Amino acid sequence: NAGVTQTPKFRVLKTGQSMTLLCAQDMNHEYMYWYRQDPGMGLRLIHYSVGEGTTAKGEVPDGYNVSRLKKQNFLLGLESAAPSQTSVYFCASSYSSAAGTPYTIYFGEGSWLTVV
Amino acid sequence: DAKTTQPPSMDCAEGRAANLPCNHSTISGNEYVYWYRQIHSQGPQYIIHGLKNNETNEMASLIITEDRKSSTLILPHATLRDTAVYYCIVKAGTASKLTFGTGTRLQVTL
């Protein structure tokens, strides 16, 4: 059982380039998330999705776009990368909590992105 | 979601119990207390959660005070592999998001 898989794991971009991070989960989870973590800091939510075809902004959405065309995949796009987007990116997923059941959120292993 | 307060760092000798405190004085009645940990920039790992009662699983115990304004995560026999940043998070059962603070950096030493 792979759980939450992120690709690529490492990437170096030049300022202004674009790229897409892919997150895939095989647990049939409704909810998916993208977080970023800067050195010495906690995780901050970028965007999230509560179902296929729906997305919502988190704490730090500027400079990023997302898409959830398939239930198992959540894509994070950087249209014009900036050095401030150098960070570690974590994807996560969980079952729906709409009914109040406190399901666990599972995280991927991270994608290290450097923008020079 | 309610805010939490944790000490920035703690030390624990290997084999001893590690007791990690968390203050959540503004917690609401429908909010759960979750604990996650992050080992050296890996993805955060779920440890345990609770609402009112104390909880125990194979990893840890969670003690929640009767007024629910604070809690303690207990690792009964800490090992070097428990060295990590531990995050205490409060979240309503129906909420879709986890909000992370800066956590407690636990250093387990020989």
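Each value, and the rule that gives it
- Residues numbered from 1 in each chain as written.
- Chains lettered and ligands numbered in written order.
- Predicted model: local features only at pLDDT ≥ 70, side-chain atom pairs only at ≥ 80, totals over all residues.
- Heavy atoms only, no water.
- Pairing = 2+ DSSP bridges.
- Helix = DSSP H or I, 4+ residues; strand = E, 2+ residues; numbered from the N terminus.
- Axes fitted to C-alpha atoms, helices over the stretch in contact; angles between N-to-C directions.
- Contact = heavy atoms within 4.5 Å.
- Buried area = accessible area lost by both parts, 1.4 Å probe.
- Salt bridge = Lys/Arg side-chain N within 4 Å of Asp/Glu carboxyl O.
- Nonpolar A, V, L, I, M, F, W, Y, C, P; charged D, E, K, R; others polar.
- Phe/Tyr/Trp six-rings, centres within 6.5 Å; stacked < 30°, edge-to-face > 60°.
- Buried < 20%, exposed > 50% of the residue type's maximum accessible area, 1.4 Å probe, protein only.

A.B. asks: Got a sec to walk through the sheet that holds strand β3 (residues 31-38) of chain B? Specific residues and values, please.
C.D. replies: All names here are of chain B. Across the sheet, which stays open at both edges, the five strands sit in the order β1-β9-β8-β3-β4 with mixed pairing between neighbours. Of all strands in the sheet, those bounded by a partner on one side alone are β1 (9-13) and β4 (45-50). On average, adjacent strands in this sheet sit at an angle of 25° to one another, irrespective of strand direction. In this sheet, β4 lies alongside β3 in antiparallel orientation, the contact comprising five bridges. Residue pairing across strands places V33 opposite G50, the latter belonging to β4.

A.B. asks: Account for the interface of chain B and chain A, naming residues and giving values.
C.D. replies: Taken together, the contact pairs 21 residues of chain B with 24 residues of chain A. For the pair chain B and chain A, the two sides together bury roughly 1700 Å², of which 56% comes from carbon and sulfur. Of all residues in chain B, the largest losses of buried area upon contact with chain A belong to S96, K97 and F100 of chain B, amounting jointly to 26% of the total for that side. Summed over the shared surface of chain B and chain A, the result is zero salt bridges. Put simply, the parts of the chain that give the side of chain B that touches chain A at least two residues each are β3, β4 and β8 (84-92) of chain B. Across the side of chain B that touches chain A, the residue classes break down as nine nonpolar, 10 polar and two charged.

A.B. asks: An account of the sheet that holds strand β6 (residues 61-64) of chain B is needed here, citing residue identities and associated values.
C.D. replies: Taking strand neighbours across the sheet as the criterion, the four strands line up as β2-β7-β6-β5 (chain B) in an open arrangement whose pairing is antiparallel. Two strands in the sheet have a free side with no partner beyond their single neighbour: β2 (18-23) and β5 (55-56) of chain B.

A.B. asks: Any details on the packing of aromatic side chains? Residues and values, ideally.
C.D. replies: One pass over the full model with this rule turns up 13 aromatic pairs over all chains. Ring plane angle 20° and centroid distance 6.4 Å describe the contact between Y33 of chain A and Y48 of chain A, whose orientation is recorded as stacked. In this pair, Y33 of chain A is assigned in strand β4 (residues 31-37) and Y48 of chain A in strand β5 (residues 43-51), connecting sequence segments 15 residues apart. Look at Y48 of chain A and you get buried, because its relative accessible area is 12%. Every member of this aromatic cluster is reached through a ring pair, and the members are Y33, Y35, Y48 and F107 of chain A together with Y36, Y46, Y87 and F100 of chain B.

A.B. asks: Which residues make up the environment of V12 of chain A, and what values do they have?
C.D. replies: Residue and element names in this part refer to chain A. Assignment of secondary structure puts V12 in strand β2 (residues 10-13). Residue V12 is classed as exposed on the basis of its relative accessible area of 55%. V12 sits 102 residues away from T114 along the chain, and the two C-alpha atoms are 4.7 Å apart. In contact with V12, other than residues within four places in its own chain, are T114 and V116.

By themselves, these figures tell us nothing about what the structure is for.
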